[in-house]
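Here's the letter readout for the chains.
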Amino acid sequence: MSSQHVTYDFDRPIDRRHDACSYSQKWSCAEALAQRLGVKEITDNHIALFTADMDLRCAQPILDALHATVDHGIFGYSTLDGCSAYTDAIHGWFERHDRWDVDCDLMSLSAGTVKALDVCVQAFTKPGDGIIIQRPVYPPFMHVVEDNDRMILNNQLIRHTAKDPEGDLYYSIDFDNLEELAARPEAKMFILCNPHNPVGRVWSVEELEHMAQICMKHDVLIVADEIHGDLVCEGITMHHMAQVAPEARVITCTAVNKTFNLAGLAATNVFFSNAQDKACFEETRGFVEPNPFAISAVIAAYNEGDDWYEQVKAYIEANFDTVIAYFADHLPDVGVRRPEGTYILWFDFEARCRKLGIDGTELHRRIYDEAQVLLQDGSNFDPDGGEFFQRMCVPTPRTMLLDACERIARVLAE
């Protein structure tokens, strides 16, 4: 770990829409993106808060490592074979932060987490098999199931209200339903999201153990997407499924992409509970050439990124507080809860829409077209119950975030 302290200025806006070297998908004005987000066009005035990356400059040790890779001057075929610096950095990070002794001999590389999920579905299930997910959930969970001709088995999360002891927008697991689904003969896989995107739960040891017991009882493979696992809030402890249930058959997806804002480098490290599953995954995945920049970035992030990491977590938590306080003052009937993990807020606009006499389509129009704030519609996460929900990603300079909040409040005023 680096002992050199750098104070990062996360309040400084960085132009990701027009900088010639940005290539940002999030800040694109492309017609295809506008169509996907359901707006006529994206203008320079639109604020993009819809996708899970940060508008915050990366850690200096990562930038230094990438510059050193450029200065080397040759970008030929790269390999992780024999690269102990890579595996040592990964092992050290999880041991240091989570007390998780990962076995890097049972680790494999994937060019992104969605790709890893897709490979798992193809490798360990067949067309017609059932795969359990927990809506509302990250949309690619549904896509990798349906696009591969598998069947979604939805273990709908239980949404709590202000009348419940846990408070509004707390979500829990329907274990009876999970047992029913896992017992079905077609159920072969369970894709777990921990921390959960978008509801922000970090599942407890007891919840993880209960899920693992059900899956082991019915021989259901667990694939755990834990790429937000470093982004847990103060007072919350992250527990990995493979760590809690070492006897279970678990495939775990980890990555630097959310933690260190490196999604564009697409380096997901997948851990397996046995060598046979690793071999099956790699056979289905095929040959993968690791990117030399991704290798350098992972090593630098995990070895020298702690200083930046602690600062960015504090900034994100302050952003949570800022947005939640703003809505409490200006739109108190809009539901929003401080998450336990991720950098995501999950808004329930139903009460406000009922008061205004508008539906989800008009809510979308007012926020996306009139306020020109690009969020993500809840129906993408829950086709049946997400009409009045919106997801906001908050790792962005606070002035921009407040501007977005003010715009939303203005277009939803009575």
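The coordinates are above.
Because the structure is predicted, anything quoted here is derived from the model rather than measured. (Residues numbered from 1 in each chain as written. Predicted model: local features only at pLDDT ≥ 70, side-chain atom pairs only at ≥ 80, totals over all residues. Heavy atoms only, no water.)

A. Highlighting the nonpolar core. Ranked by internal contacts, the top residues of the largest apolar core, which has 84 residues, are Phe260, Phe327, Phe349 and Ile408. With 10 residues, the top contributor of residues to this core is helix H11 (residues 306–330). Here Ile408 is in contact with Phe327, Leu331, Phe349, Ile367, Ala371, Val373, Leu375 and Met392, once residues within four sequence places are set aside. Membership of the second largest hydrophobic core comes to 31 residues, among which are Leu169, Tyr171, Leu181 and Ala187. (Core = buried A, V, L, I, M, F, W, Y, C linked by side-chain atoms within 4.5 Å. Buried < 20%, exposed > 50% of the residue type's maximum accessible area, 1.4 Å probe, protein only. Helix = DSSP H or I, 4+ residues; strand = E, 2+ residues; numbered from the N terminus. Contact = heavy atoms within 4.5 Å.)

B. Representation of the sheet that holds strand S11 (residues 344–348). The antiparallel open sheet is built from 3 strands, whose spatial order is S11-S14-S13. Among the strands making up the open sheet, the edge pair consists of S11 and strand S13 (376–377). In this sheet, strand S14 (residues 389–393) lies alongside S13 in antiparallel orientation, the contact comprising 2 bridges. Looking across to S14, one finds that Asp377 is bridged to Gln390. (Pairing = 2+ DSSP bridges.)

C. The packing of helix H3 (residues 84–98) against helix H10 (residues 292–304), seen in detail. Between H3 and H10, the least distance of the axes is 8 Å, while the angle of their chain directions is 35°. Seen from above, H3 lies across H10 with left-handed handedness. On H10, the residues that touch Ala85, Tyr86, Ala89, Ile90, Trp93, Phe94 and Arg96 of H3 are Ile295, Val298, Ile299, Ala301, Tyr302 and Asn303. A breakdown of the residues in the contact of H3 with H10 according to their chemical character gives 11 nonpolar, 1 polar and 1 charged. (Axes fitted to C-alpha atoms, helices over the stretch in contact; angles between N-to-C directions. Left-handed = near helix turned anticlockwise from the far one by under 90°. Nonpolar A, V, L, I, M, F, W, Y, C, P; charged D, E, K, R; others polar.)

D. Main features of the environment of Glu166. With respect to the element layout, Glu166 can be found in the loop between strand S5 (158–159) and strand S6 (171–172). Its relative accessible area of 33% is what places Glu166 among the partly exposed residues. When neighbours within four sequence positions are excluded, Glu166 is seen to be in contact with His160 and Arg337. Here the side chain of Glu166 touches His160 through a polar contact of 3.1 Å, side chain to side chain. (Polar contact = N/O pair within 3.5 Å; in protein donor to acceptor, adjacent residues only side chain to side chain.)

E. Examining the sheet that holds strand S4 (residues 151–154) more closely. Pairing is mixed in the open sheet, where 7 strands are placed in the order S2-S10-S9-S8-S7-S3-S4. Two strands close off the open sheet at either side, each with one partner strand: strand S2 (107–110) and S4. For this sheet the average axis-to-axis angle between neighbouring strands, irrespective of direction, equals 25°. Pairing of strand S3 (residues 130–133) with strand S7 (residues 187–193) involves 3 bridges; the strand directions are parallel. Along S7, the bridge assignment pairs Ile132 with Phe190.

F. Examining the pattern of salt bridges more closely. Tallying each qualifying case throughout the model produces 23 salt bridges. Across the pair Asp129 and Lys126 runs a salt bridge, and its minimum N-O distance is 3.4 Å. When salt bridges with common partners are traced through the structure, they connect Arg16, Lys26, Asp53 and Asp55 into a single cluster. (Salt bridge = Lys/Arg side-chain N within 4 Å of Asp/Glu carboxyl O.)

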